[in-house]
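Residues per chain are reported as follows:
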Amino acid sequence: MMLYERAMGAAFASLPAPLRRFHTHPDTPHYRGEVTVTHGSSAARLLARAGSMPAFSGTMPFGFRILRDGDTERWEREFDGHLTASRQWLHAPGIVAEQVGGSTFLMAPAPRDGQLHIPIVGLNAFGLPLPRGVLRSCEGIEWVTEEGQIGFDVHASLRGLGLVIRYRGQMAPV
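For every chain, the first residue of the written sequence is number 1, and numbering continues from 1 onward in sequence order. The predicted origin of the model limits local features to residues at a pLDDT of at least 70 and limits the giving and counting of side-chain atom pairs to 80 or more, whereas totals for whole chains, interfaces and linings rest on all residues. The side-chain figures draw on all heavy atoms in the structure; neither hydrogens nor water molecules are used.

A. Examining the nonpolar core more closely. What makes a nonpolar core is a set of buried Ala, Val, Leu, Ile, Met, Phe, Trp, Tyr and Cys residues whose side-chain atoms join them at distances within 4.5 Å. The buried label goes to any residue with under 20% of its type's maximum accessible area, the exposed label to any with over 50%, and the partly exposed label to all in between, with areas taken from a 1.4 Å probe on protein chains only. Judged by nonpolar contacts, the single largest core of 35 residues is most densely connected at Tyr4, Val35, Phe64, Phe79 and Met171. In this structure, Tyr4 is in contact with Phe12, His23, Glu73, Trp75, Gln88, Val96, Met107, Pro109, Leu116 and Ile118, ignoring residues within four places of it in sequence. The criterion used for residue contact is that any of the two residues' heavy atoms lie within 4.5 Å.

If you want it as structure tokens, here you go:
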């Protein structure tokens, strides 16, 4: 059983088939598409950059793949040549941990209205847990587009700083 199946249990079966395949494909298919990246302030750009995310904004080519290694997954996102890699694993029942740079995000994936919502419910920065109140709005959402592609919308906003990064787009297997 793959990571998101283990984390979500029986609820995983309620996702649309393309999302289930995306999260359970035994190989490492490459996905290609387009993404639009936006940032808040210049301080937010620096924070995004420190977290291995692209510091540039705009609409650009996007590449993605998941490499599975036992109980962990390496997610590789390519923003027009900028690689952002992360590692994900089951942290606790219903909670997936994702390490990006020096930060570890705790996420609670759940289906809602035919989409996969992945809110961030905890954050550790450089080994220190940050208070829950720091997270203003941080979530990833995945869905199936009318063309059958995987759509995604990922955003992170912090109290006192506002929008750090948002990237939204669609992708299909190559």
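B. Expanded view of the packing of aromatic side chains. Between 30 and 60 degrees the pair is tilted, below 30 it is stacked and above 60 it is edge-to-face, where a pair is any two Phe, Tyr or Trp rings, Trp via its six-membered ring, whose centres lie within 6.5 Å. Under the definition given, this model contains 11 aromatic pairs. Their ring planes at 80 degrees and their centres at 5.2 Å tell us that Phe22 and Tyr31 sit as a pair that is edge-to-face. By relative accessible area, which is 8% here, Tyr31 ends up buried. Aromatic side chains Tyr31 and Phe64 sit 6.4 Å apart centroid to centroid with 65 degrees between the ring planes, which places their arrangement in the edge-to-face category. With Tyr31 in strand β1 (residues 31-39) and Phe64 in strand β2 (residues 58-69), this residue pair connects regions lying 33 residues apart in the sequence. Just as Tyr31 is buried, Phe64 falls in that class too. Secondary structure counts use DSSP, requiring at least four H or I residues in a row for a helix and at least two E residues in a row for a strand, with both numbered from the N terminus.

C. Main features of the pairing of β2. Where β1 lies against β2, seven bridges are found, and the strand directions are antiparallel. In the sheet register, Glu34 faces β2, and the bridge partner there is Pro61. Bridge analysis of β2 against strand β3 (residues 72-79) gives eight bridges, and the strand direction is antiparallel. Paired with Arg68 across the two strands is Glu73, which belongs to β3. Counting the residues that bridge the hairpin from β2 to β3 gives two residues, and of these Gly70 lies at a positive phi of roughly 65 degrees. Paired strands, in this sense, are two strands between which DSSP finds at least two bridges.

Honestly, it's all geometry; don't read function into it.
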